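Inside the fold
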Amino acid sequence: MELFMQKLKQKKILTECINILIMLAGAFCLSLAMYMFMLPSKFIPGGVSGLTIIIQTLSGFSASYSMLILNAPLIILAFIFLHKEFAIKTTLGIGMTSGFLAIFRAIKMYEFFNPNEVWLSALAGGVIGGIGIGLLVKGGGSSGGTEVVSLLVQKKYIASSMSVIILGINVFIVTLGSILYMTVGNMDLQTGFTTIICSLIQVFLGSKCIEFVLNGLKPAVKFEIITNNGDKLKTEISNRMHRGVTIVSCEGGYTGDNRDMLICVITRTEISTFKRILKEVDKDAFVYAINTREVIGKGFVKRK
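Summarised in this report is the structure supplied together with it. (Residues numbered from 1 in each chain as written. Predicted model: local features only at pLDDT ≥ 70, side-chain atom pairs only at ≥ 80, totals over all residues. Heavy atoms only, no water.)

1. Thoughts on the sheet that holds strand β1 (residues 220–227)
The sheet built from four strands is open, its strands ordered β2-β3-β1-β4 with antiparallel pairing. At either end of the open sheet lies a strand with only one pairing partner, and these are β2 (246–251) and β4 (286–292). Within the sheet, the average angular offset between the axes of one strand and its neighbour, ignoring direction, is 25°. In the sheet, β1 pairs with β4 via seven bridges, with the strands oriented antiparallel. (Pairing = 2+ DSSP bridges. Helix = DSSP H or I, 4+ residues; strand = E, 2+ residues; numbered from the N terminus. Axes fitted to C-alpha atoms, helices over the stretch in contact; angles between N-to-C directions.)

What follows is the structure, given as structure tokens:
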């Protein structure tokens, strides 16, 4: 028993070391995207990162310091109201990101800016920054800012959507930054409009890259099928696709007939095969699909 506990402890330590390395890579990517692409082009990526860029652009105050200052009260709230491990790792992620930004500034690292191809900065900043945030979250922490705020709001209002909260905050910050650029920063209307569009493109790309890092390339689809040939359909799906099928007996609300409802989760690449089986076995089956964000279990993502 003692040997088993020791091995379990060693495995946990190894897992946490890997998570910290993943977060380190994420912090590097996020700070690289901010320093090399977002700051020179004056983009507003939303969240605390967006506020730090606005502050540095308008006042010259270093983004590495303002990131620590703006996140400090959120970290305190996270320690009070959220899971302590998440709060510790978020603090670590913020510290890593600020540290990399300070290093890049100290060594005067190359900054990419081309006013004629500003969209390149939006693409690169969105992809690299999104991968960075995704890795920070995958390691068990976050980049602070909107992620912490959304979790705090969700704790109070359980029915609220995290994605909607983050989107609302980001839209507000992009709008605020654009107004400040064109008033306090004396940015002309055309440049300001271009900055807004590129910032929104960057936010959109970043969200997709975060989703890619967290969920991978295998988004799944849940099918629910009302059929008279439940057993035969289950057998075909199991034999030809090697997917599990759950059968639920149900009664039609209109006809009163007893039928089977089959529930099956497959990847998008298997949809054509799945439809072929449906057509062969029961072309009159009533079928509807539901997109799933994540599936954990045999044939998909393994439980850790």
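2. What about unusual backbone geometry?
One non-glycine residue, Lys42, lies in positive phi territory at about 60°. Assignment of secondary structure puts Lys42 in the loop between α1 (2–41) and α2 (47–59). What makes Lys42 partly exposed here is its relative accessible area of 35%. In this structure, Lys108 takes a positive phi of about 55° despite not being glycine. Here Lys108 lies in the loop between α4 (84–106) and α5 (118–138). Residue Lys108 is classed as exposed on the basis of its relative accessible area, which comes to 71%. (Buried < 20%, exposed > 50% of the residue type's maximum accessible area, 1.4 Å probe, protein only.)

By themselves, these observations are geometric and do not establish any function.
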